[in-house]
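Letter by letter, the chains look like this.
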Amino acid sequence: MADEALIKYRSSTGRWVLLATVLGSSLAFVDATVVNIALPAIGHSLDAESAGLQWTVNGYALSLASLVLLGGSLGDRFGRKRVFLIGVAWFATASLLCGLAPTIDLLISARVLQGIGGALLTPGALAILEASFAREDRARAIGAWSGLGGIGGALGPFLGGWLVEAGSWRYIFLINVPLALIVLLVAAKHVPESRNPAAARRFDAAGVLTGAIGLGGLTYGFTAWSARGPGDPIVLISLAVGVAGLVSFVLSERRSPEPMVPLGIFRTTAFAGANLVTFLVYAANGGVFFLVVINLQVVAGFTPLVSGIAMLPVTVLMLLLSSRAGALGQRIGPRIPMTAGPLVCAAALVYLSMIGPGASYLTDVLPAVIIFGLGLSLLVAPLTSTALGSLDDAYAGIASGVNNAVARAASLLSVAILPLAAGLGAGSLTVADQLHPVYRHAMLICAALMVGGGVLAFFLIPNRLAAHAPADTFCDPCAPPLRKPLKSAR
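The structure presented is a predicted model; accordingly, all values stated were derived computationally and were not measured.

Chemist: Sorry, what's going on with the packing of aromatic side chains here?
Modeler: Centre-to-centre distance and the angle between the planes together describe a pair of aromatic rings. Within this structure, the stated rule accounts for 5 aromatic pairs. Aromatic pair Trp169 and Phe173: ring centres 6.3 Å apart, planes at 85 degrees, arrangement edge-to-face. Here the two residues Trp169 and Phe173 agree in accessibility, since each one is buried. Ring geometry for Phe458 versus Phe459: centroids 5.3 Å apart, planes at 90 degrees, classification edge-to-face.

Right, dumping it as structure tokens:
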């Protein structure tokens, strides 16, 4: 389909597409963070130890990060809208199971299932935007998606904190069910279907399996390290299996005639650079959103509700500024905002590291949160636009899948490694004296990761992205496959 026939940003159809993709992806994003607010309540309710609480977060992030590449690839092949709808329905069902879980083990299992649904819907949301909007409107649409996603991010912690205080931690999962039904109705009626007719139709089982084993082994090994010690055989075996799995994943994708992730896409410097920046930035973000809300409750003595809304200014600023940042990145190029954004975030994290007992929200928390929000607002939309726009449009699904996988894997490993790297050892995340020094060190580590992301962006991200011809991706996914030779990414 010609580019001029694609959706315009200000059209009524464009608004419906934005609503469906924002609300759908917000389900997955919010559940990755809002559960942190409920961790102390979950621990008391289900008599769970620190390792069980970490796996309540990691179980979801692990399955999402392991399978999000598959989700992007399936969307390119069988229809981005179709896979998105399946993911939303799956996510809603798993959320119901989370809300009804009677033990920590069953909750972790349901969270793993929830992550599978997130892996199907998350890359589809961004791929739909990249494939549906006219090229001149994509950066603004992605910026609006980032900003409007802040509404879900803002309401999620607030609603989560209120539900934990006024009702039960179970409600933070059960509320996903009616929201998912709204997404299904809107998307089914208004979102156009698209796919890449040149995509391979075979299922890359070896790639899926080795990628999941690699991430799973590393995550389990680092999570068990704090409880068992570095010399424990289970820890050593898990880490070895993780490394072997990731090496096997690369070898498998290189040899496969129809790989889930064509490794040639990483020859594009802008794409590779954007994903390296994503890894560092989201590793920092994973640590921040995991530990700040816990520290505010356990160390500073804030209530779950106040802790839940403490980061609200971040999402408000992203709502107000992300679309403008996307337009700015399109006008002046992505290098400057992608360099400055992480450096601003790093300054904010040094400030956040000072939060301790008796902290005041207005003087000790709010200024740092505002600075952090300004940095993220400047960074996220240009980063996402660069990751998707650096490849041909036909690769929208896999580009989104790779970038999401990198972001989720970074957050996943951060949650597993950061407490260990910050000195938690065999300590507890719910004991103030043990958490306080760990939190401070962790925030400084996250600040260093942000600085690294800004430096990489300066050297690897170009001032301008190369223009690509629009791909003919609009078609009936139920029609016979249109086999064309896969073009190597530029």
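Chemist: Explain the packing of helix α10 (residues 269–298) against helix α15 (residues 396–421) to me, please; I cannot follow it from the model alone.
Modeler: Packed helices, taken two at a time, are described by their axes: the angle between them and the distance between them. With their axes 7 Å apart at the nearest point, α10 and α15 run at an angle of 40 degrees to one another. The orientation of α10 with respect to α15, classified from their angle, is oblique. Judged by the sense of rotation from one axis to the other, the crossing of α10 with α15 is right-handed. Within the contact between the two elements, α10 uses Phe271, Ala274, Asn275, Thr278, Phe279, Tyr282, Ala283, Gly286, Gly287, Phe290 and Leu291 and α15 uses Ala399, Val402, Asn403, Val406, Ala407, Ala410, Ser411, Leu413, Ser414, Val415, Leu418 and Pro419. Looking at the contact of α10 with α15 residue by residue, the class counts come to 16 nonpolar, 7 polar and no charged.

Chemist: Sorry, what's going on with the nonpolar core here?
Modeler: Nonpolar side chains in soluble globular proteins tend to be buried together. By size, the foremost hydrophobic cluster in this structure holds 133 residues, and its most contacted members are Ile42, Leu107, Leu291 and Phe372. Here the element with the most residues in this core is α10; it accounts for 15 residues. Those residues within four positions of Leu291 in sequence are excluded, and the remaining contacts are Leu418, Leu429, Leu435, Tyr439, Ala442 and Met443. Grouped together as the second largest cluster of nonpolar side chains are 8 residues, Val235, Leu239, Ala416 and Leu420 included.

Chemist: Please clarify how the confidence of the model for the chain should be interpreted in this entry.
Modeler: If pLDDT is low for a region, its predicted coordinates should not be looked at in detail. For the chain, per-residue confidence averages 81 on the pLDDT scale, and 86% of positions sit at 70 or higher. Looking across the chain, the model is least confident in helix α5 (residues 135–166), with a mean pLDDT of 70, and most confident in helix α13 (residues 335–352), with 96. Counting contacts from residues 471–490, a segment whose pLDDT is below 50, to residues more than four positions away or on other chains yields 57 contacts.

Chemist: Sorry if this is basic, but what is going on with the packing of α13 against helix α14 (residues 361–389) here?
Modeler: With their axes 8 Å apart at the nearest point, α13 and α14 run at an angle of 155 degrees to one another. The orientation of α13 with respect to α14, classified from their angle, is roughly antiparallel. The crossing of α13 and α14 is left-handed. Classifying every residue of the contact of α13 with α14 by side-chain character gives 20 nonpolar, 4 polar and 1 charged.

Chemist: Which parts of the structure should I look at to understand a nonpolar patch on the surface?
Modeler: On the surface, Leu312, Val316, Leu319, Leu320, Leu321, Val344, Ile370, Ile371 and Leu374 cluster together into a nonpolar patch covering about 610 Å² of accessible area. Secondary-structure elements contributing two or more residues to the nonpolar patch are α12 (312–332) and α14. The greatest single-element share of the nonpolar patch, amounting to 5 residues, is contributed by α12. Along the chain, Leu319 turns up in helix α12.

Chemist: Just to check I follow, could you spell out the environment of Gln114 for this structure?
Modeler: Structurally, the position occupied by Gln114 is in helix α4 (residues 104–132). Residues Gln114 and Ser63 lie 51 residues apart in sequence; the distance between their C-alpha atoms is 8.2 Å. In this view, Gln114 contacts Asp31, Tyr60, Phe91, Ala94, Ser95, Cys98, Phe173 and Asn176; residues no more than four positions away in its chain are not counted.

The rules behind these values
- Residues numbered from 1 in each chain as written.
- Predicted model: local features only at pLDDT ≥ 70, side-chain atom pairs only at ≥ 80, totals over all residues.
- Heavy atoms only, no water.
- Phe/Tyr/Trp six-rings, centres within 6.5 Å; stacked < 30°, edge-to-face > 60°.
- Buried < 20%, exposed > 50% of the residue type's maximum accessible area, 1.4 Å probe, protein only.
- Axes fitted to C-alpha atoms, helices over the stretch in contact; angles between N-to-C directions.
- Helix = DSSP H or I, 4+ residues; strand = E, 2+ residues; numbered from the N terminus.
- Parallel < 35°, antiparallel > 145°, perpendicular 65-115°, else oblique.
- Left-handed = near helix turned anticlockwise from the far one by under 90°.
- Contact = heavy atoms within 4.5 Å.
- Nonpolar A, V, L, I, M, F, W, Y, C, P; charged D, E, K, R; others polar.
- Core = buried A, V, L, I, M, F, W, Y, C linked by side-chain atoms within 4.5 Å.
- pLDDT = per-residue confidence, 0-100.
- Patch = residues over 30% accessible without salt bridge, like charges linked within 9 Å, V, L, I, M, F, W, Y side chains within 5 Å.
- Areas by Shrake-Rupley, 256 points an atom, 1.4 Å probe, with all protein chains shown as cover.
- Salt bridge = Lys/Arg side-chain N within 4 Å of Asp/Glu carboxyl O.

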